[in-house]
Amino acid sequence: MPPTIAFHRSHFRAAPSSRNLITGNGTPFFWLADSADALVRRLDRAGIDLYLRTRASQRFTIIHTAAFGGVDALRQTNAYGLAPFDDGDLARPNEGYFAHLDHVVLRANALGLAVAIQPVGAGFAARGLTVAALSAYVAFLARRYRDQAVMWVVGSGDGVDDATQRSLWTAMGTVLREETRARQMIAYLPVETPTRGAPWCQAHPWMDLALHRSGLSPEPWASITAGYASAPARPLLDGDPGREDQLAPGGECDGRLSAHQERMVAYWSVFAGACGHTYANHSVCCFHDETTVGDQARTRWQDALHDPAAEQMHNLRQLVEARPFQCRVPDQSLLAQTPSDPVRHQCATRGDDDDFGGDRGSYAFIYTPVQQPVTVDLTRLTGSLVEAAWFDPRTGRSLWLGQFPVRGLRTFTPPGEDDWVLVLDDSARNYQPVGHAADRSMSF
């Protein structure tokens, strides 16, 4: 059994609004995960340490990985030649293999990272297993890590979504809830890509967090919008977006997903109501190197760790955490009009903190994926004066625009190409400028 360590984020729960996450002591928590499905089975301890140190320095908050998975998963060995189970028997966990998972969890926690563990990874066919066998294995995992900074991800599996598979996920979720004494959050990751609205288990007592899958959807915010409107309210986010440098269907090298596309999905999703985002890099997910074949990756995982979007994701976290984000709500009514072309879609979010009980906010963020005018209804903000700035998702820097009366519509035009975030603040709140090296000497 891994030792218990002191970690101030050891338990998480939904905020009172049921829209965001907080730690056990009530501190607001922003989910910024990196998808590392093959981490446990592909890397040795030196590789794991390099990976975790890098993601911690890039200000990720969660590592999402699978305990095991892939083809012939019950017998597939890790970097030390150890299979997860003796003779492929789910009832006989291999202590050496799970000691390697212990290292991942403890090292991540020591670096300030929580771990979202998927007991059964993608590609594993759970259909031949009984509820009893799967429940016993999940109970083993839950007892092993219930005192660590861990969340659980149920779902995915072999790509089938039917009554049999759902009974297995329900059993897993129920066991996790009981064995962890309801002190660790349980997320559900659906099979379908893209996800369409709320999952079938939205109202199940074991599910705390809904992970959506936008994949290569042309409108990745749509599922978040639909899920946000579903009852009962749950925190939700995009848990499986398209991967940076992923080869799009039918594409060649120039058809790979860019950092710009990764940022678009992240900002669209969070501003549509998500409590965070999961980033994914194609070469890192499979930990591509000279020994891997057939995965369409083209970059060594050690180099891909520093791909542009990986270095830029923390700017989204920095922006959201710069304002009281526990009261943040999506609000497209801030926009006088929105482009009909999905690739030009503008998305708006604001604080829901009107001191007089109205439906206005002390701040607003509006994302535009391309350089185009943004026309805003300033009456959706509190106060008499609004301070405006442009935030650059690539650099994390902001450009101050000045103060404007909260009166009617006003149009703002981004100062450069690609994507920008318009930041609007009630001047009376005296919020600190967003971003680092904010420049208030500039005006546009």
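For clarity, every value in this text was computed on a predicted model and none was experimentally measured.

(A) Spotlight on the layout of surface pockets. Considered as a void within the structure, the largest pocket measures approximately 540 Å³ in volume. Lining the largest pocket are 22 residues, with Asp37, Arg243, His282, Cys285 and Cys286 positioned closest to its centre. Of the residues contributing to the lining of the largest pocket, the split by class is six nonpolar, nine polar and seven charged. Quantified by volume, the second largest pocket comes out at close to 270 Å³. As for the second largest pocket, its lining consists of 15 residues, and the residues nearest its centre are Leu216, Ser217, Pro218, Gln261 and Val265.

(B) Layout of the packing of helix α3 (residues 95–110) against helix α4 (residues 131–145). Where α3 contacts α4, the two axes come as close as 12 Å, and the packing angle between them is 45°. The orientation of α3 with respect to α4, classified from their angle, is oblique. Every pair of crossing elements has a handedness; the one defined by α3 and α4 is right-handed. Contacts between α3 and α4 involve Glu95, Phe98, Ala99, Leu101, Asp102 and Val105 on the former and, on the latter, Tyr137, Phe140, Leu141, Arg144 and Tyr145. Among the residues forming the contact of α3 with α4, the class breakdown is eight nonpolar, no polar and three charged.

(C) Molecular detail of the pairing of strand β16 (residues 385–391). Judged by how many residues are buried, β16 sits mostly within the fold: six of seven residues are covered. Where β16 meets strand β17 (residues 398–405), seven bridges bridge the pair, whose relative direction is antiparallel. Of the residues in β17, the one forming a bridge with Leu385 is Pro405. With antiparallel pairing between neighbouring strands as the criterion, β16 and β17 make up a hairpin whose turn holds six residues, including Gly396 at a positive phi of roughly 80°. Bridge count for β16 against strand β19 (residues 420–426) is six bridges, and the pairing is antiparallel. Bridging across to β19, Trp390 finds its partner in Leu422.

(D) Up close: empty space enclosed by the protein. The full count for this structure, using the stated rule, is one cavity of 30 Å³ or more. Taken as a whole, the largest cavity spans an internal volume of roughly 40 Å³. As for the largest cavity, its lining consists of Arg19, Asn20, Tyr228, Gly273, Ala274, Arg328 and Pro330. Residues of the lining of the largest cavity, tallied by class, amount to three nonpolar, two polar and two charged.

Thresholds, definitions, all that
Every chain begins its residue count from 1, and numbering advances along the sequence as written. Since the coordinates come from a predicted model, pLDDT governs what is reported: local features require at least 70, and pairs of side-chain atoms require 80 or more to be given and counted, while whole-chain, interface and lining totals use all residues. For the side-chain quantities, the full set of heavy atoms in the structure was used; hydrogens and water were omitted. Points on a 1 Å grid, built from protein atoms alone, make a cavity when a 1.4 Å probe fits but cannot get out and make a pocket when they are open with protein on both sides within 12 Å along at least 5 of 7 lines; residues with an atom within 4 Å of a point are the lining residues. Grid points are joined across faces, edges and corners, and a volume is the space filled by probe spheres set on the points. When residue character is reported, Ala, Val, Leu, Ile, Met, Phe, Trp, Tyr, Cys and Pro are called nonpolar, Asp, Glu, Lys and Arg charged, and the others, Gly included, polar. For helices, the axis comes from a line fit to the C-alpha atoms of the stretch in contact; other axes are also lines fit to C-alpha atoms, and the angle between any two N-to-C directions lies between 0 and 180 degrees. Secondary structure elements follow DSSP: runs of H or I of four or more residues count as helices, runs of E of two or more count as strands, with numbering from the N terminus. Small angles under 35 degrees read as roughly parallel and large ones over 145 as roughly antiparallel, with 65 to 115 read as roughly perpendicular and the rest as oblique. By definition, turning the near helix anticlockwise from the far helix through less than a right angle yields a left-handed crossing, and turning it clockwise yields a right-handed one. Note on contacts: a residue pair qualifies if any of its non-hydrogen atoms lie within 4.5 Å across the two residues. Think of it in three bands: with a 1.4 Å probe and only protein chains considered, a residue is buried below 20% of the maximum accessible area for its type, exposed above 50%, and partly exposed in between. Pairing between two strands is assigned when DSSP locates at least 2 bridges connecting them.

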